[in-house]
Amino acid sequence: MEQKLNALLTPNEISEMQRRLQIFALLEDGVSQREIAKQLGVGIATVTRGSRALKELKDHE
């Protein structure tokens with residue numbers, strides 16, 4: 001799977017995916033959206049989008 005992802009995605013896309021997974025993990029740990037944005041150096045909108053995506057995933061479990 002890793003080889004396939006490396007072939008399909010650019011290094012920047014892989015980095016972005018890792019960052020989004022970090023957002024999920026921090027949200028699940030109860031860290032505030034503002035703190036996540038600060039820790040990861042991303043915009044609050046990115047964290048909010050991650051929060052919505054995580055909620056959708058949980059709603060479909």
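What you see as residue numbers is a count from 1 along each chain, following the sequence as written. Only residues with pLDDT of 70 or above have their local features reported here, since the model is predicted, and side-chain atom pairs are shown and tallied only from 80 upward, although totals for entire chains, interfaces and linings are computed over all residues. With hydrogens and water set aside, each side-chain value is computed from the structure's full complement of heavy atoms.

1. Concerning the nonpolar core
Thought 1: Buried Ala, Val, Leu, Ile, Met, Phe, Trp, Tyr and Cys residues form a nonpolar core when they are joined through side-chain atoms within 4.5 Å. Only protein chains enter the calculation, and the probe is 1.4 Å; a residue is then buried if its accessible area is under 20% of its type maximum, exposed if over 50%, and partly exposed in between. Ile23, Phe24, Leu26, Leu27, Ile36, Ala37, Val42, Val47 and Leu54 form the largest nonpolar core, which has 9 residues in total.
Thought 2: Taken together, the elements giving at least two residues each to this core come down to helix 2 (11–28), helix 3 (33–40) and helix 4 (44–59).
Thought 3: Top element by residues in this core is helix 2. It accounts for 4 residues.
Thought 4: Here, two residues are considered to be in contact whenever any of their heavy atoms come within 4.5 Å of each other. In this structure Val42 touches Arg19, Ile23, Ala37 and Val47, once residues within four positions along its chain are discounted. Think of it this way: any DSSP run of H or I at least four residues long counts as a helix, any run of E at least two long counts as a strand, and we number them from the N terminus.

2. Re helix 4
Thought 1: End to end, helix 4 covers 22 Å across 16 residues, agreeing with the expected 22 Å (1.5 Å per residue, within 8%).
Thought 2: Tucked into the core, helix 4 has its buried residues touching helix 2 and helix 3. Every helix has an expected span of 1.5 Å times one less than the residues it contains.

3. A few points about the packing of helix 3 against helix 4
Thought 1: Helix axes are fitted to C-alpha atoms over the stretch in contact, other axes to C-alpha atoms as well, and angles between N-to-C directions run from 0 to 180 degrees. Contact pair helix 3 / helix 4: the axes reach a minimum separation of 9 Å and the direction vectors enclose 120°. In terms of orientation, helix 3 and helix 4 fall into the oblique class. Between helix 3 and helix 4 lies a crossing of right-handed hand. The segment helix 3 lies against helix 4, with Gln33, Arg34, Ile36 and Ala37 engaging Ile44, Val47, Thr48 and Ser51.
Thought 2: For the contact of helix 3 with helix 4, the per-class residue count stands at 4 nonpolar, 3 polar and 1 charged. Roughly parallel means an angle under 35 degrees; roughly antiparallel, over 145; roughly perpendicular, 65 to 115; everything else is oblique. Take the far helix as the reference: if the near one is turned anticlockwise from it by less than a right angle, the crossing is left-handed, and if turned clockwise, right-handed. Charged residues are taken to be Asp, Glu, Lys and Arg, nonpolar residues to be Ala, Val, Leu, Ile, Met, Phe, Trp, Tyr, Cys and Pro, and polar residues to be all remaining types, Gly included.

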